[in-house]
Amino acid sequence: MVATLGNTVEVPPLDPRRLEPIVGGDRVEELVARGAELQAHLGARRIVNVNSTAAGGGVAEMLWTLLGYARGVGVAADWVVLTGDPEFFAVTKRIHNGLYGSPGDGGELDDAERAHYERALAANVGAVCGRVRSGDVVLVHDPQPAGLIAPLRERGARVVWRCHVGYDGGNEWTERAWEFVRPYVESADAFVFSREAFAPSWVDRARLRVIPPSIDPFAPKNQDLTPFEVLAVLGAAGIVAPDGIHPDPRVRSPAQVVRDGPAVDPRAPLVVQVSRWDRIKDMGGVLAGFARHVEAPDAHLALVGPAVSGVTDDPEGEQIWSETVAAWSALAPGTRRRIHLVTVPMDDPVENALVINAVQRHAAIVVQKSLAEGFGLTVAEAMWKTRPVVASAVGGIVDQVVDGQTGLLVDDPLDLESFGAALDRLLHDPVEAERLGRNARTHVERRFLGDRHLLEYAALIAELLARG
Ligand code: UDP
């Protein structure tokens with residue numbers, strides 16, 4: 001359950017020693033030692049994270065485990081979530097889309113939007129700054145809370161702006177969004193981006209650090225499940241036909257599935273994309289590419305996302321969902337029967353994670369056909385589960401998928417034919433699919449687990465504290 005006290009998220013500590021069987025004793029010992037060192041350096045000061053949601057999307061996903069491990073090694077780390085009205089989240093979503101190079105809902109980002117954004121954040125200043133003391137290190141995540149950077153610095157905190165989104169190039173939408181965000185973030189003591197290419201030219205390179213995200217092998221999203229458990233979870237969720245397997249009692253709220261025919265046959269190869277219902281994830285493109293270009297006759301596709309009312313800072317979800325359902329309804333009946341649109345309830349994040357975990361494990365191929373992507377935790381999650389991934393060569397995905405080695409990349413995210421061909425290639429060549437999946441897991445183990453991520457943050461925070 002999401003435990004919150006006011007707008008503080010209560011994260012239970014996690015023992016990093018549980019990582020030892022995976023990453024080995026040396027890596028764990030280094031984490032423990034650096035954690036103790038950092039806490040000694042912090043003294044009575046704290047690390048405070050500020051973002052805009054405790055559930056839904058990659059940032060929340062990571063904070064649960066990173067804060068858990070940080071606390072597990074004795075580092076005082078907190079998490080505060082800001083509040084906002086629907087108009088605030090509509091504006092911040094527009095900024096978010098802009099930073100991905102997209103117009104989003106097409107609305108303005110002008111004086112009126114700026115005034116609303118500032119009013120909404122002014123209403124948060126008391127609650128957020130009230131939890132921060134002079135000398136604390138505050139990690140402000142993404143554009144939503146960026147307007148709090150100045151008041152936090154005035155309070156004597158050292159502030160890091162952690163931007164999780166980005167676009168490899170630039171266009172009128174990135175420019176407009178950066179123009180909006182720049183006055184709030186420019187004064188940050190440090191900037192963290194997932195890739196250097198995402199940082200605009202005005203970001204002072206001396207204050208810039210590049211830190212890619214990570215996943216946790218023991219999070220409910222990634223923990224091992226037996227093939228039997230996978231089918232029991234998916235049967236209980238109503239996604240795959242139960243086929244005589246007793247439904248897993250941990251799933252109490254089934255998924256809502258739009259389909260035209262029975263649940264997926266457990267033997268049918270299933271292509272899966274897990275994403276929020278966000279234009280940038282291009283669920284519609286996955287559907288069209290699969291429907292038009294995948295020839296394997298027995299393959300099914302599941303587009304899986306959160307229940308559309310479940311992600312508070314994501315107001316476009318309902319619209320994208322409706323568009324996806326409309327595109328599905330327009331398909332020829334034979335094709336429609338092989339495509340399943342799935343929304344998974346978000347009320348209980350652990351239950352949601354279990355279902356997503358099972359879906360990813362059951363997939364013959366995991367797809368991430370994003371038009372732009374900050375990192376793509378869904379890619380790392382699938383790779384960790386030894387799934388072969390077919391993904392667009394955009395943003396942080398190219399740091400994870402080495403084409404032909406740890407998955408397959410499609411150069412142009414709009415090239416549906418190449419996308420379909422890549423799927424067909426793996427559907428017809430299970431040996432190659434297995435090889436890619438095995439390599440994928442090793443790649444994630446080396447580069448994208450939480451210990452590496454925390455050490456990079458620890459180094460940055462130590463540097464900020466040393467600056468005095
Ligand atoms: N996710 C989830 N339930 C859903 C859809 C997505 O738990 O129905 C998770 C997904 O597994 C991943 C995160 O949300 O951990 C999405 O992170 P990613 O970096 O892929 O994209 P973002 O949403 O941050 O753009």
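As shown above, the structure is provided for reference.
Residues numbered from 1 in each chain as written. Predicted model: local features only at pLDDT ≥ 70, side-chain atom pairs only at ≥ 80, totals over all residues. Heavy atoms only, no water.

Undergrad: For the site of the ligand, give the residues involved together with the corresponding values.
TA: Taken together, the neighbourhood of the ligand is formed by 16 residues, with Arg276, Lys281, Pro306, Leu377 and Glu381 sitting nearest. Between the ligand and glycine 58, the relevant distance is 3.0 Å, taken from an oxygen atom to a main-chain nitrogen or oxygen of the residue. Summarising the interface, the protein chains cover 92% of the accessible area of the ligand, which totals 540 Å² for the free molecule. For the shell around the ligand, the elements supplying multiple residues, two or more each, are α3 (58-72), β11 (300-306), α12 (349-362) and α13 (377-384). The element that contributes the greatest number of residues to the shell around the ligand is α13, accounting for 3 residues. When grouped by side-chain class, the residues that make up the shell around the ligand number 4 nonpolar, 7 polar and 5 charged. (Near = heavy atom within 4 Å. Polar contact = N/O pair within 3.5 Å; in protein donor to acceptor, adjacent residues only side chain to side chain. Areas by Shrake-Rupley, 256 points an atom, 1.4 Å probe, with all protein chains shown as cover. Helix = DSSP H or I, 4+ residues; strand = E, 2+ residues; numbered from the N terminus. Nonpolar A, V, L, I, M, F, W, Y, C, P; charged D, E, K, R; others polar.)

Undergrad: Tell me about the pattern of salt bridges, and please be specific about residues and values.
TA: Under the definition given, this model contains 34 salt bridges. The residue glutamate 432 makes a salt bridge to arginine 425 at a minimum N-O spacing of 3.8 Å. According to the relative accessible area criterion, glutamate 432 is buried, its value standing at 15%. Taking relative accessible area as the criterion, arginine 425 reaches 45% and is therefore assigned partly exposed. Between arginine 467 and glutamate 463 there is a salt bridge, and its shortest N-O distance comes to 3.8 Å. On the criterion of helical spacing, the pair formed by arginine 467 and glutamate 463 is a turn pair, its members being 4 residues apart in helix α17 (residues 450-467). Taken together, the salt bridges that share partners define one network made up of Glu30, Arg34 and Glu37. (Salt bridge = Lys/Arg side-chain N within 4 Å of Asp/Glu carboxyl O. Buried < 20%, exposed > 50% of the residue type's maximum accessible area, 1.4 Å probe, protein only.)

Undergrad: Give me unusual backbone geometry: which residues, what numbers.
TA: Where the residue is not glycine, phi is negative for most of them; where a peptide bond is considered, it is trans in most cases. A positive phi angle, near 70°, is found at aspartate 142, a position not held by glycine. Position of aspartate 142 among the secondary structure elements: in the loop between β5 (137-141) and α6 (149-154). Accessibility expressed as a relative area gives 7% for aspartate 142, which makes it buried. Here the phi dihedral of aspartate 282 falls at roughly 55°; this positive angle occurs in a residue that is not glycine. Position of aspartate 282 among the secondary structure elements: in the loop between β10 (270-274) and α9 (283-293).

Undergrad: Hey, could you go over the nonpolar core for me, with residue numbers and the actual values?
TA: In terms of nonpolar packing, the biggest core is built from 84 residues, with Leu38, Ile47, Trp79, Val160, Ile239, Val272 and Val304 touching the most fellow members. Leaving out residues up to four positions away in the same chain, valine 304 has contacts with Val272, Gln273, Val274, Ser275, Trp277, Met283, Val342, Val344, Ile356 and Val359. Residues Val80, Val140, Cys163 and Val203 belong to the second largest nonpolar core, which totals 44 residues. (Core = buried A, V, L, I, M, F, W, Y, C linked by side-chain atoms within 4.5 Å. Contact = heavy atoms within 4.5 Å.)

Undergrad: Lay out the sheet that holds β11 in plain terms, naming residues and giving numbers.
TA: Strands sit in the order β9-β12-β11-β10-β13-β14-β15 across an open sheet of 7 strands; the sheet is mixed. The open sheet has two edge strands with one neighbour each: β9 (256-258) and β15 (408-410). Between one strand and the next, the sheet's axes are offset by a mean angle of 20°, whatever the strand orientation. Taken together, the 5 bridges between β10 and β11 define a ladder with parallel strand orientation. Among the inter-strand pairings, valine 274 is bridged to a residue of β11, identified as valine 304. (Pairing = 2+ DSSP bridges. Axes fitted to C-alpha atoms, helices over the stretch in contact; angles between N-to-C directions.)

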